[in-house]
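Structure at a glance
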Amino acid sequence: MSTKRKYNVAVVGATGLVGETILEILKQRDFPIENLYPLASENSAGSEVYFGRQTVTVDSLADFDFTQADIAFFTAGAAVSAEFAPKAAASGCVVIDNTSHFRNDPEIPLIVPEVNPQALAGYERHNIIANPNCSTIQMLVALNPIEKAVGIRRIDVATYQSVSGAGKKGIEELAQQTAALLNFKDPKAEVFSEQIAFNVIPHIDEFQDNGFTREEMKMVWETRKIFERDDIQVNPTCVRVPVFYGHSEAVHIETDKKITATKARQLLKKAPGVEVIDSPKRKKYPTPVAAAGKDPVYVGRIRENLGVQNGLDLWVVADNIRKGAALNSVQIAELLIGSTGE
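Per-chain numbering applies: the sequence of each chain, read as written, is numbered from 1 onward. Two thresholds apply to this predicted model, a pLDDT of at least 70 for residue-level local features and 80 or more for giving and counting side-chain atom pairs, whereas whole-chain, interface and lining totals are computed over all residues. With hydrogens and water excluded, all non-hydrogen atoms of the structure serve as input to the side-chain values.

Let us now look at the sheet that holds strand β9 (residues 152–161). At least two DSSP bridges between two strands are required for those strands to pair. A run of H or I in DSSP becomes a helix once it reaches four residues, and a run of E becomes a strand once it reaches two; helices and strands are each numbered from the N terminus. Strand order across the open sheet formed by 6 strands is β10-β9-β11-β14-β13-β12, with mixed pairing between neighbours. On the outer flanks of this sheet lie β10 (233–240) and β12 (274–276), each paired with one strand and no other. Between one strand axis and the next, the sheet turns through 20 degrees on average, direction left out of account. Where helix α6 (residues 261–270) meets the sheet, its contacts fall on β12, β13 (297–304) and β14 (311–318), and the angle it forms with β13 comes to roughly 165 degrees. Orientation is described by axes fitted as lines to C-alpha atoms, over the contacting stretch for helices, and by angles from 0 to 180 degrees between their N-to-C directions. Between two residues, a contact is recorded if the distance between any of their heavy atoms is within 4.5 Å.

What follows is the structure, given as structure tokens:
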């Protein structure tokens, strides 16, 4: 896109969890904004959102003229993106879409800035860039230096995903169920298929014909697209856990060439966007509570697999709303304008 000193920026879904966090991160990273347009449905139009210490009035998405915007972040769900993102793109606005709608389109770049910034080339064909699934983002930020060094043949991953992945309603349901149970009342399950308080649910998104959920298949499809490796084997199990913020992943990989835990740890310490916390003797390892509200992807419990010759095990944790969604989107925008965001 053309280089400017400042840009007109729209945030679709500005009153949602990810939209609010995008606004926060744009301010924190001093993104060069001329005019800011928070957008939402008619029900939320007229309300106000915070941008730093300022409050900004939310406008109606349906009535907005996207010729006013240079960049638009879409965070309001796949159906909204399907309807409005192509219209915004046709108006000359570059869309950074945080939903699943465009991720599998071979002509739409799917970007993790630390992993495949080169894939941004050619985005002008459609003026739409897709932001990957939260679980995929943190896993590939952690695995990228290993993939580059020795190649990865297979990934087995079990995720432990926080309720904020289901938005504000997910957070509210965990809080309400916890309060109810602690007061000896029956919890109500409306957002999740089962009680989530004091429980784990091996079910995120819809089940597919192969027995995997769509959340799990997203990790398969997106990993292959981002790594540009159709041959890589990805075997995920995605689980919802009673944690407010922060997704955790137990990742087990088989590499093409042997790599020791020591060498992997050295690579990860140098990798952009990664912070290693790995000191078993001092009981130091990443947890979602420690990662909440922070930007890095944290990696620990790095060890060689006991049952696979070229196997390596890692524990990967990140704030799913920040790096898993909002921060990654803003970093894509920084790539577009040539900013470092520092």
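Now, onward.
So, on to the sheet that holds strand β5 (residues 59–60). Taken in spatial order, the 6 strands line up as β5-β2-β1-β6-β7-β8 in an open sheet, and their pairing is parallel. Each edge of the open sheet is held by one strand with a lone partner, namely β5 and β8 (128–130). Against the sheet, helix α2 (residues 78–90) engages β1 (7–12), β6 (71–74), β7 (94–97) and β8, with an angle of about 175 degrees to β6.

Once that is clear, we can look at the nonpolar core. Among the nonpolar cores identified, the biggest contains 60 residues, and F66, F74, L143, I155, I253, V299 and L314 are the most heavily contacted of them. Counting residues per element, this core draws most heavily on helix α3 (residues 134–150), which supplies 8 residues. Residues within four places of L143 in sequence aside, it is in contact with I152, I155, F227, V251, I253 and L314. Listed in part, the 42 residues of the second largest apolar core include L26, V49, I96 and I111. The nonpolar core is taken to be a set of buried Ala, Val, Leu, Ile, Met, Phe, Trp, Tyr and Cys residues, with the residues joined through side-chain atoms within 4.5 Å. Categorising residues by exposure relies on relative accessible area from a 1.4 Å probe, with only protein chains included: less than 20% of the type maximum marks a residue as buried, more than 50% marks it as exposed, and the intermediate range marks it as partly exposed.

The analysis is restricted to geometry; functional conclusions fall outside its scope.
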